[in-house]
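# Inside the fold
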Amino acid sequence: MKYTEDLLKKIIGNNKGTEREVEIPFMLAHLPEPPLKILDVGCSHSNIIYELDKLGYDIHGIDMVQCNPAFEKFYLGDARNMPYNDNEFDYILCISALEHFGKVGTPYKTDKVEDLTADVKAMREMYRVLKKGGKLILTLPVGYGEPHWYMWVRFYNEEVLQRILGEFDIISIRYSYLLKKNGKEQWHTTNKETAENIYSKDKINANVSLLLEK
């Protein structure tokens with residue numbers, strides 16, 4: 001879809017300087033114009049559902065944390081066991097969320113017992129509720145990081161991606177990394193090899209954005 005800088009700012013909100021600066025443009029660029037029935041998985045700490053609702057999309061959200069402000073088509077629940085019908089959605093969005101599923105050290109205080117296969121289970125559910133020919137826009141951290149990250153974040157590489165993607169076909173993929181240039185941090189497109197060797201210390205410094213099809 002065509003989008004404006006104003007829409008980007010509204011969706012990115014307080015996350016300026018983070019991986020949202022590459023994830024959100026990727027998402028909007030690969031999202032057709034409405035009408036579409038969309039599910040946003042892991043939506044509670046994001047402005048996506050509110051802004052896409054204003055644009056006329058039939059957008060629904062699911063998360064284990066209550067969204068604020070309240071949203072009529074939000075379901076408080078687990079993406080590993082969703083209440084939706086098979087083949088219900090045209091598009092699914094999962095923006096910087098899957099890496100937290102099943103982790104006990106997140107600030108969201110959702111999982112009490114670590115689930116090492118939570119991302120695979122959630123991907124299977126997303127596949128189930130997505131229409132045949134429907135698309136999933138998925139973004140994830142890449143590379144490796146400080147020990148404290150692993151309490152609540154998974155880092156991905158091609159080997160792990162192949163494990164979780166299951167039956168999805170990759171249509172588009174973009175690797176990005178945060179680079180300090182002329183004293184200013186900026187996101188740049190890179191290749192898989194570079195991204196997978198990026199180290200994240202205080203913030204996520206490498207990202208992969210994928211457009212997948214069922």
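All of the points below concern the structure found in this document.

For the rest of this paragraph, the subject is a nonpolar patch on the surface. Together, Tyr144, Tyr150 and Tyr199 line one region of the surface with nonpolar side chains, adding up to about 280 Å² of accessible area. Structurally, Tyr144 is set in strand E6 (residues 144–145). Overall, Tyr144 belongs to the partly exposed group, its relative accessible area being 38%.

This next bit is on the nonpolar core. Formed by 37 residues in total, the largest nonpolar core has its most connected members in Val41, Leu98, Met123, Met126 and Leu138. Those elements that provide at least two residues to this core are strand E1 (37–41), strand E4 (89–95), helix H4 (118–129), strand E5 (130–141), helix H5 (158–165), strand E7 (169–181) and strand E10 (206–213). With seven residues, H4 is the largest single contributor of residues to this core. Excluding residues that lie within four positions of it along the chain, Met123 makes contacts with Leu98, Leu136, Leu138, Ile164, Leu165, Phe168 and Leu212. The next biggest cluster of nonpolar side chains, apart from the first, holds 27 residues, and it includes Leu28, Ile38, Ile59 and Ile95.

As enumerated under the stated definition, the model contains seven aromatic pairs in all. Here Tyr50 and Phe71 contribute two aromatic rings whose centre-to-centre distance is 5.8 Å and whose plane-to-plane angle is 90°, an arrangement assigned as edge-to-face. On the criterion of sequence distance, the pair formed by Tyr50 in helix H3 (residues 48–54) and Phe71 in the loop between strand E2 (58–63) and strand E3 (74–76) is long-range, its members being 21 residues apart. Here Tyr50 falls in the buried class, since its relative accessible area comes to 14%. The class of Phe71 is buried, set by a relative accessible area of 12%. Aromatic pair Tyr84 and Phe89: ring centres 5.1 Å apart, planes at 90°, arrangement edge-to-face. Classification of Tyr84 by relative accessible area gives buried; the value is 11%. Three or more aromatic residues joined by ring pairs form one cluster here, namely Tyr108, Trp149 and Trp152. Lys37 extends its terminal NZ or CZ atom over the ring of Phe89, reaching a point 5.4 Å from the ring centre. Here Lys214 stacks its cationic end above the ring of Tyr127, 4.8 Å away from the centre of that ring.

Another aspect to go through is the packing of H4 against H5. In the contact formed by H4 and H5, the axes pass within 8 Å of each other and the chain directions differ by 45°. It follows from the interaxial angle that H4 and H5 lie oblique. Contacts from Asp119, Val120 and Met123 in H4 reach Arg163, Ile164 and Leu165 in H5. A breakdown of the residues in the contact of H4 with H5 according to their chemical character gives four nonpolar, no polar and two charged.

Taking strand neighbours across the sheet as the criterion, the eight strands line up as E3-E2-E1-E4-E5-E10-E7-E8 in an open arrangement whose pairing is mixed. Two strands in the sheet have a free side with no partner beyond their single neighbour: E3 and strand E8 (184–190). Each adjacent strand pair in this sheet contributes to an overall mean axis angle of 15°, direction not counted. Bridge count between E1 and E4: three bridges; the pairing is parallel. Among the inter-strand pairings, Leu39 is bridged to a residue of E4, identified as Ile92.

This part is about the side chain of Thr110. Within the fold, Thr110 resides in the loop between E4 and H4. In this structure the side chain of Thr110 is engaged in a polar contact, spanning 3.4 Å, whose partner is the side chain of Asp111.

This brings us to the packing of helix H1 (residues 5–12) against helix H2 (residues 20–29). The axes of two packed helices give the description: the angle between them and the distance between them. Running from N to C, H1 and H2 cross one another at 125°; their axes reach a closest spacing of 10 Å. Taken together, the axes of H1 and H2 are oblique relative to one another. Considering only the axes of H1 and H2, their crossing is right-handed. Counting all contacts with H1, which are made through Leu7, Leu8, Ile11 and Ile12, the residues of H2 involved are Arg20, Glu21, Ile24, Pro25, Met27 and Leu28. Taken together, the residues of the contact of H1 with H2 break down into eight nonpolar, no polar and two charged.

The rules behind the values
- Residues numbered from 1 in each chain as written.
- Predicted model: local features only at pLDDT ≥ 70, side-chain atom pairs only at ≥ 80, totals over all residues.
- Heavy atoms only, no water.
- Patch = residues over 30% accessible without salt bridge, like charges linked within 9 Å, V, L, I, M, F, W, Y side chains within 5 Å.
- Areas by Shrake-Rupley, 256 points an atom, 1.4 Å probe, with all protein chains shown as cover.
- Salt bridge = Lys/Arg side-chain N within 4 Å of Asp/Glu carboxyl O.
- Helix = DSSP H or I, 4+ residues; strand = E, 2+ residues; numbered from the N terminus.
- Buried < 20%, exposed > 50% of the residue type's maximum accessible area, 1.4 Å probe, protein only.
- Core = buried A, V, L, I, M, F, W, Y, C linked by side-chain atoms within 4.5 Å.
- Contact = heavy atoms within 4.5 Å.
- Phe/Tyr/Trp six-rings, centres within 6.5 Å; stacked < 30°, edge-to-face > 60°.
- Lys NZ or Arg CZ within 6 Å of the ring centre and 35° of its normal.
- Axes fitted to C-alpha atoms, helices over the stretch in contact; angles between N-to-C directions.
- Parallel < 35°, antiparallel > 145°, perpendicular 65-115°, else oblique.
- Nonpolar A, V, L, I, M, F, W, Y, C, P; charged D, E, K, R; others polar.
- Pairing = 2+ DSSP bridges.
- Polar contact = N/O pair within 3.5 Å; in protein donor to acceptor, adjacent residues only side chain to side chain.
- Left-handed = near helix turned anticlockwise from the far one by under 90°.

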